[in-house]
Amino acid sequence: MGNSFGFICIDQASVGIIERWGRFERLAEPGLHFVNPFIGQCLAGVLSTRLSYIDVRIETKTKDNVFVQILCSIQYRIVRVNADDAFYELQNPKEQIQAYVFDVVRAHVPRMSLDELFEQKDDVGKAVLDELEKVMGAYGYNIEQILMVDIIPDASVRRAMNEINAAQRLQLASVYKGEADKVLQVKKAEAEAEAKYLGGVGVARQRQAITQGLRENVLDFSHTVPGTSAREVMDLIMITQYFDTIKDLGNSSKNTTVFIPHGPGHVRDISDQIRNGLLEAASVTDVNIG
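Residues numbered from 1 in each chain as written. Predicted model: local features only at pLDDT ≥ 70, side-chain atom pairs only at ≥ 80, totals over all residues. Heavy atoms only, no water.

1. Considering the pairing of strand β7 (residues 52–61)
Sheet topology note: the β7/strand β8 (residues 67–78) ladder contains ten bridges and is antiparallel. If you follow Lys61 over to β8, its bridge partner there is Phe67. In sequence, β7 turns back onto β8 through a hairpin of five residues, with Asn65 there showing a positive phi of about 60°. (Pairing = 2+ DSSP bridges. Helix = DSSP H or I, 4+ residues; strand = E, 2+ residues; numbered from the N terminus.)

Printed below as a string of structure tokens:
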């Protein structure tokens with residue numbers, strides 16, 4: 001704002017108050033104006049029409065007896081056409097706005113619990129906005145927005161809330177972990193059962209193949225060498241396999257000392273045991289098929 005020899009310049013986003021002999025005469029819009037001091041004109045003041053804000057911190061108590069601090073940010077501006085009311089009617093508009101914010105917040109918050117206050121803080125802000133617009137509008141001020149910036153409970157209450165939240169999360173994690181362990185055990189049991197079943201099928205097929213191979217060997221040997229019985233052929237096969245086993249044990253580097261009863265009588269006993277086991281297995285298979 002400039003002032004020289006009766007000429008004044010009002011800056012952009014501002015409005016001037018022109019008086020004549022101490023009485024309001026007119027508003028001065030941004031630009032150059034002539035003020036004639038010889039007829040009693042003067043520039044009484046300049047008001048900014050920019051957006052302004054006030055931060056208000058209110059301490060109050062909720063319905064469940066929790067003391068909280070609420071930080072509000074009030075954004076307001078002067079209405080250009082009513083700038084004379086804003087200039088003459090209120091001496092300290094910021095204190096006036098703060099007083100109304102205190103009054104409205106302390107009238108609404110005690111009717112809410114702490115959880116409701118966090119959930120409905122926008123409703124509190126709207127109530128403050130409605131009250132300020134109704135009151136401050138008469139003085140040439142427009143309330144643009146009310147922001148409920150922060151709600152700060154007492155330190156002990158915050159610690160208790162954090163502990164409750166942590167306990168709930170740990171309980172939920174335990175439930176999920178238990179369900180996961182249950183699924184893991186079920187799947188493990190199913191896998192073991194399936195493995196045992198498949199292992200049994202494999203052993204049965206292996207024994208069936210051995211039995212079939214031995215049967216074919218007996219038949220081939222009986223046709224090739226006339227006069228030999230099936231028992232003699234089986235004895236010969238068992239003895240051959242017995243000596244092959246002895247040979248493999250001796251050639252294996254992983255074995256140290258193995259004690260095996262060895263002699264003609266022992267060979268005969270081993271042969272009888274193997275033959276009797278195969279015959280019993282074959283009889284069980286025939287019974288199941290029948």
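Text resumes after the structure shown.
2. Here we look at the sheet that holds strand β9 (residues 141–153)
Across the sheet, three strands lie side by side as β7-β8-β9; this open sheet has antiparallel pairing. Only two strands of the sheet have a single neighbouring strand rather than two, namely β7 and β9. Ignoring which end each strand starts from, the neighbouring axes of this sheet average 20° apart. Packed onto the sheet, helix α2 (residues 93–108) meets β7, β8 and β9 and runs at close to 35° relative to β7. Helix α4 (residues 121–136) contacts β8 and β9 of the sheet and is inclined by roughly 150° relative to β9. (Axes fitted to C-alpha atoms, helices over the stretch in contact; angles between N-to-C directions. Contact = heavy atoms within 4.5 Å.)

3. Considering unusual backbone geometry
One non-glycine residue with positive phi stands out, namely Ala13, at about 65°. Mapping Ala13 onto the fold places it in the loop between β2 (7–10) and β3 (14–20). One non-glycine residue with positive phi stands out, namely Trp21, at about 55°. With respect to the helices and strands, the residue Trp21 is situated in the loop between β3 and β4 (23–28). The class for Trp21 is exposed, based on a relative accessible area of 66%. (Buried < 20%, exposed > 50% of the residue type's maximum accessible area, 1.4 Å probe, protein only.)

4. Quick look at the packing of aromatic side chains
Inspection of every chain in the model, using the stated rule, returns four aromatic pairs. Relative to Tyr88, the ring of Phe87 lies with its centre 5.0 Å away and its plane at 85°, an arrangement referred to as edge-to-face. Look at Phe87 and you get partly exposed, because its relative accessible area is 26%. An aromatic cluster is built from Phe24, Phe87 and Tyr88, whose rings are joined through pairwise contacts. (Phe/Tyr/Trp six-rings, centres within 6.5 Å; stacked < 30°, edge-to-face > 60°.)

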